[in-house]
Structures are given as C-alpha cells and as structure tokens.
Amino acid sequence: MQIHRSRVIGVLAAASILLGSYAVAHARGKARQSRDLVVRKALRFAKKRPLKALKILKAGNALDNNALMKVLAKNHNYTAGHSNRVGKYSFLIAKQMGLSKSKVAQVHRHGLLHDMGKLLTPKQILDKPGRLDDREFTRMRRHSGDGAAMLRGLFGRNAKAAT
C-alpha cells in the first residue's frame, strides 16, 4: 500500500515512510517466520506423505535446498546424510576445477538433490541390511526417475534450470 493524495493505498509503504528501516527489518522477520511455519508444517508430513510435504513447501514458496534436505532427513536420515556428503564433495570438486560460482552452486545443488527420488522408495528396501532381491533392486533403480519427475513437478519445465 502507498499514501497517495491523502489516501492510504497500503500499510507497508506507509509504515516504511513513518518508521524507516525498522519496518523493512520487521517485514523481513515476519516473512522468515512465515517461511519457518511452512517448513514445520511440511515436516509433519515428510515421513508418511513426502509428496504432500513437498507440495506444502511449493505452495508456501519455501522450496530451497535447506527445506528440501529437511524433508529428506525427516523421511530417511541416512539418505539425507549421504546426499549432504555428495553435495559437499561435488561442491569441493567443482570449485577445484575452477568452474564459475553459478556452476559450482548448480553442481552442489545437483549433489544435494540427486537422491530425492528415494522419498518414494519403501523404507524396507532402503533399510534392508542384506542384498536386495531382483524385485527390490528394480524398485531401487527407479529412484532417479522418480526424483526427476518429482523435481519437474515442483519446478515445472525448468526443473533442470532449477537444480
């Protein structure tokens, strides 16, 4: 809203005029609080209904590496730890290769998100201590395609650009 010809069109602009940078900082704090609430709501569904958790993040504009990794960690902590390590080593290798900052960030994000499809893989398969049988192995191999489809659903046709 704005103040225009003695008419209030918006509260935030009026508050900014009256309070200066305090209002801007307060608005940023409220936005952060709102985002945190969206992430907390999504995490309630991460274990049993991970796709719903991701849809909540998308609807609340909270789709970032941190929130996605929190959902993955809540769903399957070992996979999240593995993905964090892959992301870290990918970042370090890309940096050592002398890639641009944007490419290094992209490689890091790819490393973090490479196993997001495991959100849809049954826990009995992920946590099986021994060798997987043929059916289980076939199901496990689907996680990369599941992850690609999931990211396309979250980021649209620009899924490759977003990751």
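Provided above is the structure to which this section pertains.
Residues numbered from 1 in each chain as written. Predicted model: local features only at pLDDT ≥ 70, side-chain atom pairs only at ≥ 80, totals over all residues. Heavy atoms only, no water.

(A) Representation of the overall build of the chain in the model. Within the chain one finds 10 helices and two strands. Counting only residues that meet the buried cut, the chain has 31% of its 163 residues in that class. When contacts within the chain are restricted to residue pairs at least 6 apart in sequence, long-range pairs at least 24 apart make up 51% of them. If you sum the accessible surface of the chain, you get close to 11000 Å²; carbon and sulfur atoms cover 56% of it. (Helix = DSSP H or I, 4+ residues; strand = E, 2+ residues; numbered from the N terminus. Buried < 20%, exposed > 50% of the residue type's maximum accessible area, 1.4 Å probe, protein only. Contact = heavy atoms within 4.5 Å. Areas by Shrake-Rupley, 256 points an atom, 1.4 Å probe, with all protein chains shown as cover.)

(B) A look at a positive patch on the surface. Among the surface-exposed residues, Lys 41, Arg 44, Arg 49, Lys 52 and Lys 55 lie close enough to one another that they form a single positively charged patch. Looking at the element boundaries, Arg 44 is found in helix H2 (residues 21-45). Since its relative accessible area comes to 65%, Arg 44 is described here as exposed. (Patch = residues over 30% accessible without salt bridge, like charges linked within 9 Å, V, L, I, M, F, W, Y side chains within 5 Å. Salt bridge = Lys/Arg side-chain N within 4 Å of Asp/Glu carboxyl O. Lys, Arg positive; Asp, Glu negative; His and termini not counted. Charge placed at Lys NZ, Arg CZ, Asp CG, Glu CD.)

(C) Highlighting the nonpolar core. Membership of the largest hydrophobic core comes to 23 residues, with the highest contact counts inside it found for Leu 54, Leu 57, Leu 68, Val 71, Met 116 and Leu 119. Counting residues per element, the ones that place at least two in this core are H2, helix H3 (50-59), helix H4 (65-75), helix H6 (101-113) and helix H9 (143-155). Element by element, the count of residues in this core is highest for H4, at five residues. Residues within four places of Leu 57 in sequence aside, it is in contact with Val 38, Val 39, Ala 42, Ala 62, Leu 63, Ala 67, Leu 68 and Val 71. (Core = buried A, V, L, I, M, F, W, Y, C linked by side-chain atoms within 4.5 Å.)

(D) Spotlight on unusual backbone geometry. Positive phi, close to 55 degrees, is recorded for Asn 61, a residue that is not glycine. Note that Asn 61 resides in the loop between H3 and H4.

(E) Representation of H9 in the model. Taking 1.5 Å per residue as the helical rise, H9 with its 13 residues ought to reach 18 Å, and the 18 Å between its terminal C-alpha atoms agrees with that figure. Buried within H9 are the following residues: His 143, Asp 146, Gly 147, Met 150, Leu 151 and Leu 154. Down the axis of H9, the buried side of the element spans an arc of 130 degrees, and every buried residue falls inside it. Within two residues after H9, Gly 156 carries a phi angle of roughly 75 degrees, on the positive side. (Expected span 1.5 Å × (residues − 1). Arc of directions from axis to C-beta.)

(F) Up close: a nonpolar patch on the surface. Together, Tyr 89, Phe 91, Leu 92, Ile 93, Met 97 and Leu 99 make up a nonpolar patch on the protein surface, roughly 590 Å² of accessible area in all. Relative to the assigned elements, Phe 91 resides in helix H5 (residues 77-96). For Phe 91, a relative accessible area of 31% gives the class partly exposed.

(G) Molecular detail of helix H8 (residues 134-141). Looking only at H8, the buried set comprises Glu 136, Arg 139 and Met 140. Along H8, the residues classed as buried sweep out an arc of 100 degrees about the axis, all on the same side. Seen from the buried face of H8, the exposed residues on the opposite side, beyond 90 degrees, are Asp 134, Arg 135 and Arg 141. Measuring from the backbone nitrogen of Arg 135 back to the side-chain oxygen at the start of H8 gives 3.1 Å, which picks out Asp 133 as the cap. (Polar contact = N/O pair within 3.5 Å; in protein donor to acceptor, adjacent residues only side chain to side chain.)

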